[in-house]
Amino acid sequence: MGENGTALLVVDGANVVGSVPDGWWRDRRGAAERLRDALVAVAERGLPGRGGPLEVVLVVEGAARGVTGLPEVRVVAATGSGDDRIVDLVRAARAEHPDRDCLVVTADRELRARVTALGAEVTGPRTVRP
């Protein structure tokens, strides 16, 4: 747990947005904003089996990089690979607070392997989809 007992939830924005063929490709930024807005409730109430509040970080890349954060959801724009940025966030969180719970939301197999090697748990996109 973190200093205040809050678990860290890092969301792979591109992967979660792309998990449902709802036309997101026509408005990538808008799709990322809708996901960010849906994550507000997740930050407050938590996830099944993991109560809130949670510190939520949404990692965006590409056309979604202009999405701004909210008080409940920090948005981090990846200048390069979104996966690399997620790994960096988990690594930094675990280095600062080794006992802190870190959960990454993605379906990307390679990213799953990279973050679990750092001690994070992983869950799929359905966990946070609006």
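Let me sum up the structure you'll find in this document. (Residues numbered from 1 in each chain as written. Predicted model: local features only at pLDDT ≥ 70, side-chain atom pairs only at ≥ 80, totals over all residues. Heavy atoms only, no water.)

### Some words on unusual backbone geometry
1) Next: The omega torsion across Gly-52 and Pro-53 is 0°, close enough to zero to call that bond cis.
2) Next: By the element assignment, Pro-53 lies in the loop between β3 (50-51) and β4 (54-60). (Helix = DSSP H or I, 4+ residues; strand = E, 2+ residues; numbered from the N terminus.)

### Focus: the packing of aromatic side chains
1) Next: Applying the stated criterion across every chain, the model contains 1 aromatic pair.
2) Next: Between Trp-24 and Trp-25 the ring centres are 5.6 Å apart and the planes differ by 80°, which places this aromatic pair in the edge-to-face class. (Phe/Tyr/Trp six-rings, centres within 6.5 Å; stacked < 30°, edge-to-face > 60°.)

### Some thoughts on the environment of Thr-68
1) Next: With respect to the helices and strands, Thr-68 occurs in the loop between β4 and β5 (73-77).
2) Next: In contact with Thr-68, not counting residues within four places along its chain, are Arg-36 and Val-75. (Contact = heavy atoms within 4.5 Å.)

### Some words on the nonpolar core
1) Next: Of all hydrophobic cores here, the largest spans 25 residues; its most connected members are Leu-9, Val-11, Leu-35, Leu-39, Val-56, Leu-58 and Val-128.
2) Next: Only β1 (7-12), α1 (13-17), α2 (28-45), β4, β5 and β6 (102-105) provide two or more residues apiece to this core.
3) Next: Contact partners of Leu-39, with chain neighbours within four places excluded, come to Val-11, Val-56, Leu-58, Val-73 and Val-128.
4) Next: If you look at the next biggest cluster of nonpolar residues, it comprises 17 residues, including Val-10, Val-59, Leu-89 and Val-104. (Core = buried A, V, L, I, M, F, W, Y, C linked by side-chain atoms within 4.5 Å. Buried < 20%, exposed > 50% of the residue type's maximum accessible area, 1.4 Å probe, protein only.)

### Describing the sheet that holds β6
1) Next: Sheet architecture is open: 5 strands sit in the order β5-β4-β1-β6-β7, paired in parallel fashion. Every interior strand has two partners, whereas the edge strands, β5 and β7 (121-123), have only one. The sheet shows a mean angle of 25° between the axes of neighbouring strands, direction not considered.
2) Next: Relative to β6, β1 runs parallel, the two being bridged by 4 bridges. Residue pairing for β6: Leu-8 is matched across the bridge by Cys-102.
3) Next: Those strands touched by helix α4 (residues 109-116) are β1, β6 and β7, and its axis lies near 155° from that of β7. (Pairing = 2+ DSSP bridges. Axes fitted to C-alpha atoms, helices over the stretch in contact; angles between N-to-C directions.)

### A few points about the pairing of β4
1) Next: When you tally the buried positions in β4, you get 6 out of 7 residues, the bulk of the element.
2) Next: Across 6 bridges, the pairing between β1 and β4 is parallel. The partner of Asp-12 across the bridge, within β4, is Val-59.

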